[in-house]
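# Residue-level structural notes
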Amino acid sequence: MTKNFLFVCGDIGGTMMMIPVAQVLQSVGHNVKFVADGEGIGYQKLLEARVSFEVHFEPNYHGSNDEIDLVFISTCASANKVEKSYAQAFHGVRPVVFGADGFFNHGYKWREDVADFWFAINEAHAEAIRRLRPGLDFIKVKVVGQPAFDACLDLIPLRDQIRQKIRSELRISDEESVFLWWSQGMSEVIEEDVEMVQTAIQQMPSVTPRPVFIPRIHPKLDKLREGFVAEIRKTVADCCEKEGVRLVQADKVQNEHLCLSAEAVLSITATDDIKNWLMGGPPVIHLMGPRVRQWFEESLRLTPPDYLPDVQAGEALAVRAESDWPSAITDALDQEKVRFLRRNWQMPEASATDRAANTLIEIVS
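So, a few notes on the structure that sits alongside this text. Quick caveat, the model's predicted, so the values are computed rather than measured. Going along each chain's sequence as written, the residues are numbered from 1 onward. Only residues with pLDDT of at least 70 are given local features in this predicted model, and only at 80 or more are side-chain atom pairs given and counted; all residues enter the totals for whole chains, interfaces and linings. With hydrogens and water excluded, all non-hydrogen atoms of the structure serve as input to the side-chain values.

### Re the nonpolar core
The condition that has to hold: Among the buried residues, those of types Ala, Val, Leu, Ile, Met, Phe, Trp, Tyr and Cys that are joined through side-chain atoms within 4.5 Å form a nonpolar core. Only protein chains enter the calculation, and the probe is 1.4 Å; a residue is then buried if its accessible area is under 20% of its type maximum, exposed if over 50%, and partly exposed in between. A run of DSSP states H or I qualifies as a helix once it reaches four residues; a run of E qualifies as a strand once it reaches two. Both are numbered from the N-terminal end. Any two residues whose heavy atoms approach within 4.5 Å at even a single point are treated as in contact.
In this structure, Phe213, Ile214, Leu266 and Phe296 are the most contacted members of the largest nonpolar core, which totals 97 residues. Considering every element that reaches this core, the biggest residue donor is helix α6 (residues 190-207), with seven residues. Discounting chain neighbours no more than four positions away, the residues touching Phe296 are Ile268, Met288, Arg301, Leu302, Tyr307 and Leu308. Counting residues in hydrophobic clusters, the runner-up holds 25 residues, among them Val21, Leu70, Phe72 and Phe119.

### Let's talk about the sheet that holds strand β13 (residues 317-319)
Put simply, the rule reads: Strands are labelled as partners when DSSP assigns at least two bridges between them.
Within the open sheet, the six strands sit side by side as β10-β9-β8-β11-β12-β13. Their pairing is parallel. Unpaired on one side and paired on the other, β10 (246-247) and β13 mark the two borders of the sheet. As paired strands, strand β11 (residues 264-267) and strand β12 (residues 284-287) are joined by three bridges and run parallel to one another. Its bridge partner lying in β12, Ser267 is registered against His286.

### Concerning the pairing of strand β8 (residues 177-182)
The side chains of a regular strand alternate between both faces of the sheet. Across the six residues that make up β8, a large majority, six, are buried. Burial along β8 is two-sided: the residues Ser177, Phe179 and Trp181 and Val178, Leu180 and Trp182 are all buried. Here three bridges tie β8 to β11, and the two strands are oriented parallel to one another. What sits directly across from Trp181, in β11, is Leu266.

### A closer look at helix α10 (residues 271-279)
Among the nine residues of α10, seven are classified as buried, and the element is accordingly described as predominantly covered. All buried positions along α10 are accounted for by Asp272, Asp273, Ile274, Lys275, Asn276, Trp277 and Met279. Residues of α10 that are buried make contact with α5 (159-169), β8, α9 (255-260), β11, β12 and α12 (309-312).

### A word on the packing of aromatic side chains
Centre distance and the angle of the planes are the two values used to describe a pair of aromatic rings. Cut-off, in case you're wondering: Ring pairs shown here join Phe, Tyr and Trp side chains whose ring centres sit within 6.5 Å, with only the six-membered ring taken for Trp; geometry is labelled stacked below 30 degrees between planes, edge-to-face above 60, and tilted in between.
Counting across every chain of the model gives 10 aromatic pairs. Relative to Trp277, the ring of Phe103 has its centre 5.5 Å away and its plane inclined at 75°; by these criteria the two rings are edge-to-face. Taken together, the residues span a long stretch of sequence, with Phe103 in the loop between β5 (96-99) and β6 (117-120) and Trp277 in helix α10 at a distance of 174 residues. Comparing Phe103 with Trp277 shows no difference in burial state: the two are buried.

### Digging into the sheet that holds strand β1 (residues 4-9)
Here is the rule we go by: Lines fitted to C-alpha atoms define the axes here, with helix axes fitted over just the stretch in contact, and angles between the N-to-C directions of these axes take values from 0 to 180 degrees.
As summarised here, the arrangement of the seven strands in space is β3-β2-β1-β4-β5-β6-β7, forming an open sheet in which the pairing is parallel. At either end of the open sheet lies a strand with only one pairing partner, and these are β3 (54-56) and β7 (141-143). The mean inter-strand angle of the sheet, taken between neighbouring strand axes irrespective of direction, is 25°. In this structure, β1 lies alongside strand β4 (residues 70-74), joined through four bridges in parallel fashion. By the bridge assignment, Leu6 is partnered in β4 with Val71. Here helix α3 (residues 81-90) sits on the sheet in contact with β1, β2 (31-37), β3, β4 and β5, set at roughly 145° to β1.

### Regarding helix α1 (residues 12-27)
The condition is simple: One less than the residue count of a helix, multiplied by 1.5 Å, gives the span that helix is expected to have.
The terminal C-alpha atoms of α1, which comprises 16 residues, lie 23 Å apart, in line with the 22 Å expected from a rise of 1.5 Å per residue. One or two positions beyond α1, positive phi appears at Gly29, with a value near 100°.

### Topic: the packing of α6 against helix α13 (residues 325-333)
Heads up, the rule is: Note: crossing handedness is left-handed where the near helix turns anticlockwise from the far helix by less than a right angle, and right-handed where it turns clockwise. The residue classification treats Ala, Val, Leu, Ile, Met, Phe, Trp, Tyr, Cys and Pro as nonpolar and Asp, Glu, Lys and Arg as charged. All others, Gly included, are polar.
Viewed as axis vectors pointing N to C, α6 and α13 meet at an angle of 65°, and their least axial separation amounts to 9 Å. Considering the relative orientation of α6 and α13, their crossing is right-handed. Listed contacts from α13 to Met196, Thr199, Ala200, Gln203, Met204 and Val207 of α6 are Trp325, Pro326, Ile329 and Thr330. Its residues placed into classes, the contact of α6 with α13 shows seven nonpolar, three polar and no charged.

### Describing the environment of Ala264
With respect to the helices and strands, the residue Ala264 is situated in strand β11. For Ala264 and Ala87, which are 177 residues apart along the polypeptide, the C-alpha to C-alpha distance reads 38 Å. Non-local contacts of Ala264, meaning those with residues more than four positions away in its chain, are made with Val178, Phe179, Leu180, Pro282, Pro283, Ile285 and Ala332.

See the structure below:
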């Protein structure tokens, strides 16, 4: 029997998580309607995928729910006013399912009482969701993976070849140590993000003889302030020049390929460091300065000292103060330490897209 699904998205990460799931549902005869938050830029991905959608700017939902069987809502950290209005409008009327493209989005309190189901990326993430929602039935937190990352599965057997190819194209030698930075896009923490990365750059030459720094700056930061991305780019370029760290711009390289070409990934937390972790890529060093920890605790209700599921599980590194950088960089370059961080890594057994789509169908069947 044909079902009608309503997908509500905000920014890039959540939208990319939803698109492949919608395509699978439609391929087996179901209907999917997309609504995008006008304050986000996820609609750009819908345009690229040639998916029809509506853009809403008003946070108040005024539509009919008679023809909707289930509402699937992404959990964007910034553009979420429309997500919130749809969750509140449909909760108690139709099943509301929250999906997550990252490891922290579940923490926002407004999502606590309006979700009937949660989709988690892995079991550690599911446990983090359950800890914040003890009243939600255990089985209603479903581990489905991250559908936007399914394309990474084909890259796993080719990791070594991809690394060699990308480093060759970027003219990076085997003797150089590459540190890849995925910036945050949140206004609450971006300034500290930049400050901590500058500190990392300052420490690199004392720890490794030939450091290379590759910045990837979140495009939505220009929505916070015009020219912000260019401003950050100049800040890190000036720091690299001063400290003698070679700066490489690689904005045109595919995200997954760039991760696999690095020795370490630096990030507060972002879509691509999770993608890297799931691919079994290089170690992730999470930037957890005081403002970030305050954001985790106050805005996201994530508990100290470890905050993120991969850090709690001992599968990622973390820097909380300037004095932590030398040991973090050293550990990231130590192959024995890296093997320990990857000790529990396993190649995903099934498509997250199929798991998510099948679970949505099961919920409304």
